[in-house]
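These are the residues of each chain, in order.
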Amino acid sequence: MNNTGDQDRTRIEVFLDDDPEPIVTHRPPARFQLDTTEMEDGVHTLYIRAYDSGGHQGIRRVPFTVRNGPSIAVNGLNDNDVLEGKLPILINSYGGTQEAYWEPERVETPAPAPTWVWVLFLVIVAFAAFYGVQQWSPPQEMQETPTYGDPS
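The following refers to the structure shown. (Residues numbered from 1 in each chain as written. Predicted model: local features only at pLDDT ≥ 70, side-chain atom pairs only at ≥ 80, totals over all residues. Heavy atoms only, no water.)

On a plain count of helices and strands, the protein chain comes out with two helices and six strands. For the protein chain, the succession of helices and strands along the chain, N to C, is α-β-β-β-β-β-β-α. For the protein chain, contacts bridging at least 24 residues in sequence account for 35% of all contacts bridging at least 6. Just so you have it, the protein chain exposes about 13000 Å², and 56% of that area is on carbon and sulfur atoms. (Helix = DSSP H or I, 4+ residues; strand = E, 2+ residues; numbered from the N terminus. Contact = heavy atoms within 4.5 Å. Areas by Shrake-Rupley, 256 points an atom, 1.4 Å probe, with all protein chains shown as cover.)

The structure is reproduced here in structure tokens:
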């Protein structure tokens, strides 16, 4: 049986990153809208503290990433690469949600085809050449059929 004093102690507090003041304090269940439009792009953490009627505390951390700004594509450099000498790098930036006239062509960052595409292409060409050579000269019993024979 709960009295009003116990119910007043039941609450949920939501904190953003290292801010000591909660952005939301509600009694359970808590529903609110997190507006990320004014937040800096990058990794953030939502800290949630819940208190029951006995004053016991539960904590949960929820990391999330905000990406309101334009996306950035880097070609020619990967994370933790070891570099030497001169290196050509291509950087492209594009964003569609905040722009009035979004151009899809800007999203297409020019980049060379991956190695696996070239290997697959060479395998297909080699198979086609092998098959073509095999079928170039049909066996004797097939030379007089309508497929391989003289059309006249």
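Our focus in this paragraph is the pattern of salt bridges. One pass over the structure, following the stated rule, counts two salt bridges. For the salt bridge of Glu13 with Arg11, the shortest nitrogen-to-oxygen distance reads 3.1 Å. Accessibility expressed as a relative area gives 12% for Glu13, which makes it buried. Across the pair Glu13 and Arg49 runs a salt bridge, and its minimum N-O distance is 4.0 Å. One end of the pair, Glu13, is in strand β1 (residues 11–16); the other, Arg49, is in strand β3 (residues 42–51), and 36 residues separate them in sequence. (Salt bridge = Lys/Arg side-chain N within 4 Å of Asp/Glu carboxyl O. Buried < 20%, exposed > 50% of the residue type's maximum accessible area, 1.4 Å probe, protein only.)

Right, let's get into the sheet that holds strand β4 (residues 57–66). Taken in spatial order, the four strands make up an open sheet running β2-β1-β3-β4, and their pairing is antiparallel. Taken across any chain shown, the strands that pair with only one partner, and hence form the sheet edges, are β2 (24–26) and β4. The sheet shows a mean angle of 15° between the axes of neighbouring strands, direction not considered. The sheet contact formed by β1 and β3 spans six bridges and is antiparallel. If you follow Arg11 over to β3, its bridge partner there is Tyr51. (Pairing = 2+ DSSP bridges. Axes fitted to C-alpha atoms, helices over the stretch in contact; angles between N-to-C directions.)

Now for the packing of aromatic side chains. Think of a pair of aromatic rings as described by two things: how far the centres are apart, and how the planes are tilted against each other in angle. Tallied over the entire structure, the rule returns two aromatic pairs. Judged by centre distance (6.3 Å) and plane angle (25°), the ring pair of Phe127 and Tyr131 falls under stacked. Residue Phe127 and its partner Tyr131 are located together in helix α2 (residues 115–136), separated by four residues, close to a single helical turn. We classify Phe127 as exposed; its relative accessible area is 54%. The residue whose ring lies beneath Arg11 is Tyr51, and the NZ or CZ to ring-centre distance is 4.0 Å. (Phe/Tyr/Trp six-rings, centres within 6.5 Å; stacked < 30°, edge-to-face > 60°. Lys NZ or Arg CZ within 6 Å of the ring centre and 35° of its normal.)

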